[in-house]
Every structure is written in structure tokens, then in C-alpha cells.
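Spelled out, the chains give:
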Amino acid sequence: MRIKELREERDLPQRAFAEASGLDRSYLAAIENGQVNVGIKTVERIAAGFGISVEQLFKGI
């Protein structure tokens, strides 16, 4: 996934995006750094936080 890239393109601080997607900031940081695996529900929350589809979230990777 390209979470950090999308977040930075939108000038969203990690804390603000974590709140928008309903995730803990430290958990989001671990996801962005590839330290944890995520389930589909978390992927859906991340996509919703960006206002995009899951397909768009994975586009280009």
C-alpha cells in the first residue's frame, strides 16, 4: 500500500489521518513502516479515510 505517499501528497499529518481513519497513530505508523500486517477491515478504514476505494489504494504498487 502507499499510505504514507498518499497522506503526504494531501499534506495530512499522521495524527490527523489516524483520527480520520479511526486508527491509533502509533498503529498507523507501524503500518506505514511495514512493521505490521493489516486485515481487510483496516485496509477499508484507511481507504475510507482518504475517500477512495480499496482498489485505488493499491493502484500502482
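Our structure is the block above this text.
Starting afresh in each chain, residues are numbered from 1 along the sequence in its written order. Local features in this predicted model are restricted to residues whose pLDDT is 70 or higher, and side-chain atom pairs enter the listing and the counts only when it is 80 or higher, whereas totals over whole chains, interfaces and linings include all residues. Each side-chain value is derived from all of the structure's non-hydrogen atoms; neither hydrogens nor water enter the calculation.

**With respect to the packing of helix 2 (residues 14-21) against helix 4 (residues 40-50)**
Put simply, the rule is: A fitted line through C-alpha atoms serves as each axis, taken over the contacting stretch for helices, and the angle formed by two N-to-C directions is quoted from 0 to 180°. In this description a helix means any DSSP run of H or I spanning at least four residues, a strand means any run of E spanning at least two, and both kinds are numbered starting from the N terminus. The cut-offs work like this: below 35 degrees is roughly parallel, past 145 is roughly antiparallel, 65 to 115 is roughly perpendicular, and the gaps in between are oblique. Crossing handedness follows the turn of the near helix against the far one: under a right angle anticlockwise gives a left-handed crossing, and clockwise gives a right-handed one. Throughout, a contact is declared for two residues whenever any of their heavy atoms are within 4.5 Å. Any residue outside Ala, Val, Leu, Ile, Met, Phe, Trp, Tyr, Cys, Pro, Asp, Glu, Lys and Arg is labelled polar, Gly included; the first ten of those are nonpolar and the last four are charged.
Two elements in contact, helix 2 and helix 4, have axes separated by 8 Å at closest approach and are oriented at 110°. Judged by the inter-axis angle, helix 2 sits roughly perpendicular to helix 4. Judged by the sense of rotation from one axis to the other, the crossing of helix 2 with helix 4 is right-handed. Residues Phe17, Ala20 and Ser21 of helix 2 pack against Arg45, Ile46, Gly49 and Phe50 of helix 4. Per-class residue counts for the contact of helix 2 with helix 4 are four nonpolar, two polar and one charged.

**Overview of helix 3 (residues 25-32)**
The line we're drawing: Exposure classes here rest on a 1.4 Å probe applied to the protein chains alone. A residue is buried below 20% of its type maximum, exposed above 50%, and partly exposed in between.
For helix 3, the complete set of buried residues consists of Leu28, Ala29, Ala30, Ile31 and Glu32. Looking at the packing, one finds that the buried side of helix 3 touches helix 1 (3-9), helix 2 and helix 4. Trailing helix 3 by a residue or two, Gly34 shows a phi angle of about 70°, which is positive.

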